Amino acid sequence: MSNSEIEKAAQALLVGNLVAFPTETVYGLGADATNALAVAKIYKAKGRPQDHPVIVHVSNLNVFQEWVVDIPGYCKKLAQDFWPGPMTVVLKRSSLAADFITGGQETVGVRIPGNETALNILRRFEEMGGKGVAAPSANRFGKVSPTTAQAVLDELEDFLDKEDLVVDGGDCEVGLESTIIDCTGDVPRILRYGAITPSMIYESTNLQPLETESSIRVSGSLKSHYAPNVELVLNQQTRSGDGLIALEEVATPDGVIRVAAPASTVEFGQQLYAALRKADQLSIRRLVAITPDGDELSLAIADRLTRASNSSK
Ligand code: TXA
Ligand code: MG
C-alpha cells in the first residue's frame, strides 16, 4: 500500500467519508468514530438496525485507553498478549464513545487490528487528530462478511457514495471475525468465538473464560447471520448437484461441486466466506458443509456455519 493511498484513506475518514479497509479478520467498513453523521452512513450502507453497536479500531494502547474506563488487570494482559490481533474487548465506555457507537449501551467494543494496511491508515488518521475508526464488517446486514476487496465491492458498491473508498489489501489472513471478549466482569466472557480461543485466553490470564451469551446485543450472535443466498445444510449426505465445503480429507462424491477443500482449520477459516460467496455465484442449489472439530478454531467455524445455515431457506 503506497503512502499516498494511506494518506487518501485517512483524509477521507477525517472529512466524514466511508473507507472500507482490510483487517486480518475480515474487511471493515470504516468511519470516524467521533462523527455521528459519518457513522450514520455506515448504518445506511449496511442496512443495519440503529441500535447495534459498532467496534472502534485504534492503532495503539494509548488511544485505546481514551475510549474506555475501568480496565481490569486481565484485560491489560489480553491486550498485551493478543494485540495487534483478532480480538475485540468490551469495556465500560468513556465519554468519547457516544450512543451512536455503543447503541446506547454503557459499554464499547475496541480493537487494534493486526494488519499493516489497517494500522497504517489508523496511525495516519490519529496523527491528523482522529481518535478511532468505527468499523463493522463491510457486508450488507446479516450477509456474509467480505474477505477480499472484490467481495466488498460485490456487497456494497451500490450503497457507497463516490467519495467513499475501498482499499484493496488482498485476502484476509484469518477470514473469521475477531473474538469478542466482555471484560466488564471479574472474569473474561466470550461473546463471539474467533481465532483467539478459550484456552489462549486462559493461558494469558489464568482465568477460565465464561462462554455463555450475555445480555449485551451482538448482531454476530443473532441466531441467523452470515447468510449466503444458497440453501446451506450442515453435516448431511450430499446429493448429486450439491456444493460441498469440508476439510480436504473428506472426499468429493461424484456429481458434487467442491467449493472448498481446506487442509486445516486455519485454512477452513480463511476460505469459508469466499466459499459461501462462490456457491452463490455458481448458483448452486444446496450447499453441504461438514463442520470440522477437534480444535478450538473449529468452535468459531462451527458457530458461523450454524448461524449461516439458520438463515438459509
Ligand atoms: O473482526 C472484526 O471484529 C470485524 C473487523 C472489521 O474488525 N468487525 C466486525 O464488526 O465483525 P461487526 O459490527 O460486523 O461485528 C461486531 C460485533 C457486533 O455483533 C456488535 O454487536 C458487537 O460486535 N459489539 C460491538 N460493540 C459491542 C458492545 N459494546 N457490546 C457488545 N457487543 C458489541
Ligand atoms: Mg458483521
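For the structure, see preceding data.
Residues numbered from 1 in each chain as written. Chains lettered and ligands numbered in written order. Predicted model: local features only at pLDDT ≥ 70, side-chain atom pairs only at ≥ 80, totals over all residues. Heavy atoms only, no water.

This part is about the packing of aromatic side chains. With the rule as written, the count across this model stands at 1 aromatic pair. Centroid distance phenylalanine 64 to tryptophan 83: 4.9 Å. Interplanar angle 80°. Geometry classified as edge-to-face. Of the two residues, phenylalanine 64 is situated in helix H3 (residues 61-67) and tryptophan 83 in the loop between helix H4 (73-82) and strand S5 (87-93); the sequence distance between them amounts to 19 residues. Just as phenylalanine 64 is buried, tryptophan 83 falls in that class too. Residue placement shows arginine 140 over the ring face of phenylalanine 159; its charged tip is 3.7 Å from the ring centre. (Phe/Tyr/Trp six-rings, centres within 6.5 Å; stacked < 30°, edge-to-face > 60°. Helix = DSSP H or I, 4+ residues; strand = E, 2+ residues; numbered from the N terminus. Buried < 20%, exposed > 50% of the residue type's maximum accessible area, 1.4 Å probe, protein only. Lys NZ or Arg CZ within 6 Å of the ring centre and 35° of its normal.)

Turning next to the nonpolar core. In this structure, Leu29, Phe64, Trp67 and Ile245 are the most contacted members of the largest nonpolar core, which totals 73 residues. Ranked by the residues each element gives to this core, the list is headed by helix H9 (residues 265-281), at 6 residues. Non-local contacts of isoleucine 245, meaning those with residues more than four positions away in its chain, are made with Val259, Ala260, Phe268, Leu272, Ala275, Leu276, Leu287, Val288, Ala289 and Ile290. Of all hydrophobic cores here, the second largest spans 15 residues; its members include Ile6, Ala12, Phe21 and Ala118. (Core = buried A, V, L, I, M, F, W, Y, C linked by side-chain atoms within 4.5 Å. Contact = heavy atoms within 4.5 Å.)

Before going further, it helps to spend a moment on the sheet that holds strand S12 (residues 243-245). If you walk across this open sheet you meet the 4 strands as S11-S14-S12-S13, and the pairing is parallel. At either end of the open sheet lies a strand with only one pairing partner, and these are strand S11 (231-234) and strand S13 (257-260). Each adjacent strand pair in this sheet contributes to an overall mean axis angle of 30°, direction not counted. Sheet analysis places S12 next to S13, joined by 3 bridges and oriented parallel. Bridging from a neighbouring strand, isoleucine 245 pairs with alanine 260 of S13. Against the sheet, H9 engages S11, S12, S13 and strand S14 (286-289), with an angle of about 135° to S13. Against the sheet, helix H10 (residues 297-311) engages S11 and S14, with an angle of about 135° to S11. (Pairing = 2+ DSSP bridges. Axes fitted to C-alpha atoms, helices over the stretch in contact; angles between N-to-C directions.)

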